[in-house]
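Topology and contacts: notes
Given next are the chains, with one letter for each unit.
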Amino acid sequence: EIPEPRAVDLLLRGIEDSSDAVRKAAQQAYERNHFLGKSNHLRPFVLSANPAASRCAMRTLARGGDEGIVSALLRELPGARGELRLEMLDALRFLPDQRSLPLVTPLASSPEEPVRFRALRCLGELKRRGLRVPAELLLAGTEDASERVRGAALAGLRHYRTEGVCALFLERALSPTEPLETRLSALRALPSFPRADWIASLVALRTQDIAPEIRLSVEIALRRFPAEMLREGLFSLLD
C-alpha cells in the first residue's frame, strides 16, 4: 500500500521466494502498489536465476506493454527451454517486434505442440500489427495434427487477403471432418473477406448441417456481408 520505491523493492524480494504462497502474495502486492515507476524495479527479474520469478516478471511486464524487455527476451529465447521458452513466446505475442520474426519462425515447426501453438500465435499477432510475416508460415500450421495449432494458424491468416488464403477459410468451414471449433473459427473469419460466390455454399451449410453452433455462426457471418453482396448472392437462391 506504500507507493514508494523502497516498498516495491522489499515486496519484489518475495517473487524469488521458495514458497508458492509467498511468491503469489508478492505478485499480488506488486499489482496493487501504485508507485508509477515500479516496472523499472521489476525488469531486472526478467533474467532472474529463479525460473518462477523470471516467468512472473515476463508475464506482468509484457501484459503491461513494457517494450523495454523485448531485447532481453530476444537475446535469451534461443537458449530457453521448457516453461521459460513458452513464457517468452507468450510475452513476445504481447510485445510484437519485427526482430522476433527470425527467432520465432523455426519454432512454428517445433516437435513440441505447446511451442508450435505459441509461435503461431506470436506470428499471427505480428501480422495483425501490420508487420511482414510470410503467409506460408501460417498456412503450414493449418495442416498440423493439433486442433489448437490449426486454430492459431487460422486466426493469424485472417489478416491476409490473398485468394488462396480466403478460399482456405471457406474450405475449412464446409468440411464435416474438421473439429467443430476449427469450423467455427473459419466461419468467424469469412466476413473479413466476403465474396458473393460463397453465399450459396454458406446457405447450403445453414440448411443442411446438423450442428446448431454451425447454423448460428453461418447466420452471423452472412449478416456481416455487405448488403449489396447479399442481394447479389441471395436473390438467385429464391427459387
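Heads up: the structure comes first, above all this text.
Quick caveat: nothing in here was measured; it's all calculated off a predicted structure.

1. Focus: the packing of aromatic side chains
By the definition in use, this model includes two aromatic pairs. With a centroid separation of 5.3 Å and 45 degrees between ring planes, the pair formed by Phe169 and Phe193 is classed as tilted. Of the two residues, Phe169 is situated in helix 11 (residues 163–174) and Phe193 in the loop between helix 12 (180–189) and helix 13 (199–208); the sequence distance between them amounts to 24 residues. You'll find Phe169 and Phe193 in the same group, each marked buried. A centroid spacing of 6.5 Å and a plane angle of 85 degrees characterise the contact between Phe193 and Trp198, whose relative ring orientation is edge-to-face. Using a relative accessible area of 4% as the deciding quantity, one classes Trp198 as buried. An aromatic cluster of at least three residues, connected via ring pairs, comprises Phe169, Phe193 and Trp198. The ring centre of Tyr160 lies 4.5 Å from the NZ or CZ of Lys127, which sits over that ring. Looking at Arg148, its charged tip hangs above the ring of Phe117, at a distance of 4.2 Å from the centre.

2. Here we look at the pattern of salt bridges
Opposite charge on two side chains allows them to pair when their charged atoms are near. All told, the structure shown has 23 salt bridges when counted by the stated rule. Ionic pairing is found between Glu178 and Arg172, a salt bridge with its closest N-O pair at 3.7 Å. For Glu178, a relative accessible area of 16% translates into the label buried. Note on Arg172: relative accessible area 3%, which makes it buried. Across the salt bridge formed by Arg231 and Glu228, the nearest N and O atoms sit 2.3 Å from each other. Placement of both Arg231 and Glu228 in helix 15 (residues 227–234) is noted, with a separation of three residues, approximately one turn of the helix. Since its relative accessible area comes to 40%, Arg231 is described here as partly exposed.

Thresholds applied
- Residues numbered from 1 in each chain as written.
- Predicted model: local features only at pLDDT ≥ 70, side-chain atom pairs only at ≥ 80, totals over all residues.
- Heavy atoms only, no water.
- Phe/Tyr/Trp six-rings, centres within 6.5 Å; stacked < 30°, edge-to-face > 60°.
- Helix = DSSP H or I, 4+ residues; strand = E, 2+ residues; numbered from the N terminus.
- Buried < 20%, exposed > 50% of the residue type's maximum accessible area, 1.4 Å probe, protein only.
- Lys NZ or Arg CZ within 6 Å of the ring centre and 35° of its normal.
- Salt bridge = Lys/Arg side-chain N within 4 Å of Asp/Glu carboxyl O.

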